[in-house]
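# What the coordinates show
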Amino acid sequence: MKDNKIKIMFLPVICIALLTSIDQFTKFVIKSKFELYESKELLKNVFAITYIQNKGAAWGVMQGRRIFFLILTALVVIGCFYVLYNIIGNRKYIMLTICITILISGAVGNMIDRFKYAYVIDFFDFKLIDFPVFNVADIYVTVSMFLIFFLLIFKYKEEDISEIMGKKVNNNDNTDETGE
């Protein structure tokens, strides 16, 4: 069974590599084509491409906490792989598998930036509202987290959560995990 799970993990790992590559490619293009703080408006007063270097989190909070973000991201990625391993191959969790794959991709994309540059390259800039400049990895993280919360709240039951977290669940209501 474990050999089968490892084989099945191959597809999410390939997807993570592909999605992370897309993120890194967009950041490479921005870094090579734009000067720092250069902005090109695509929709007047609505949307621009603006190259910034974010040394913090969203809205630039916690500036300069690179080691903290690297450790936090590593822990999140490890936790996500743990959950992914628990649910991989179970069709009941296909949407969660996809969301976690996308979440890992976003986390790894920004983690690469923090390793390489000590900052994250951000460039999508909505001018219409006071919104932080963001990147493709941020989209992955935000959308996947929203969907994961939605799935956990509205789709999965308590016993599903136990299974997702790697606990064996007996289908017999009269027994506990020890079978007594």
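Below you will find a few notes about this structure. (Residues numbered from 1 in each chain as written. Predicted model: local features only at pLDDT ≥ 70, side-chain atom pairs only at ≥ 80, totals over all residues. Heavy atoms only, no water.)

The buried count for strand β2 (residues 47-54) comes to 7 of 8 residues, which makes it a mostly enclosed element. As judged from the 4 bridges shared by strand β1 (residues 39-43) and β2, these two strands associate in the antiparallel manner. Looking at the pairing, lysine 40 lines up with isoleucine 49 of β2. (Buried < 20%, exposed > 50% of the residue type's maximum accessible area, 1.4 Å probe, protein only. Helix = DSSP H or I, 4+ residues; strand = E, 2+ residues; numbered from the N terminus. Pairing = 2+ DSSP bridges.)

Ile87, Leu96, Ile100, Ile104 and Ile164 are the most contacted members of the largest nonpolar core, which totals 19 residues. Among the elements of the structure, α3 (66-87), α4 (94-117) and α5 (136-155) are those that each provide at least two residues to this core. The element that contributes the greatest number of residues to this core is α4, accounting for 6 residues. With sequence-adjacent residues up to four places away left out, isoleucine 164 is seen in contact with Val83, Asn86, Ile87, Tyr93, Leu96, Leu152 and Tyr156. In this structure, Ile30, Phe34, Ile121 and Phe134 belong to the second largest nonpolar core, which totals 12 residues. (Core = buried A, V, L, I, M, F, W, Y, C linked by side-chain atoms within 4.5 Å. Contact = heavy atoms within 4.5 Å.)

Moving on: the pattern of salt bridges. Across all of its chains, the model carries 6 salt bridges by this definition. Aspartate 160 serves as the salt-bridge partner of lysine 92, at 2.8 Å between the closest nitrogen and oxygen. Separated by 68 residues along the polypeptide, lysine 92 in the loop between α3 and α4 and aspartate 160 in helix α6 (residues 158-164) bring together distant segments of the chain. For lysine 92, a relative accessible area of 37% gives the class partly exposed. Ionic pairing is found between lysine 127 and aspartate 125, a salt bridge with its closest N-O pair at 3.1 Å. By relative accessible area, which is 40% here, lysine 127 ends up partly exposed. In this structure, a network of salt bridges that share partners links the residues Asp23, Lys27 and Asp113. (Salt bridge = Lys/Arg side-chain N within 4 Å of Asp/Glu carboxyl O.)

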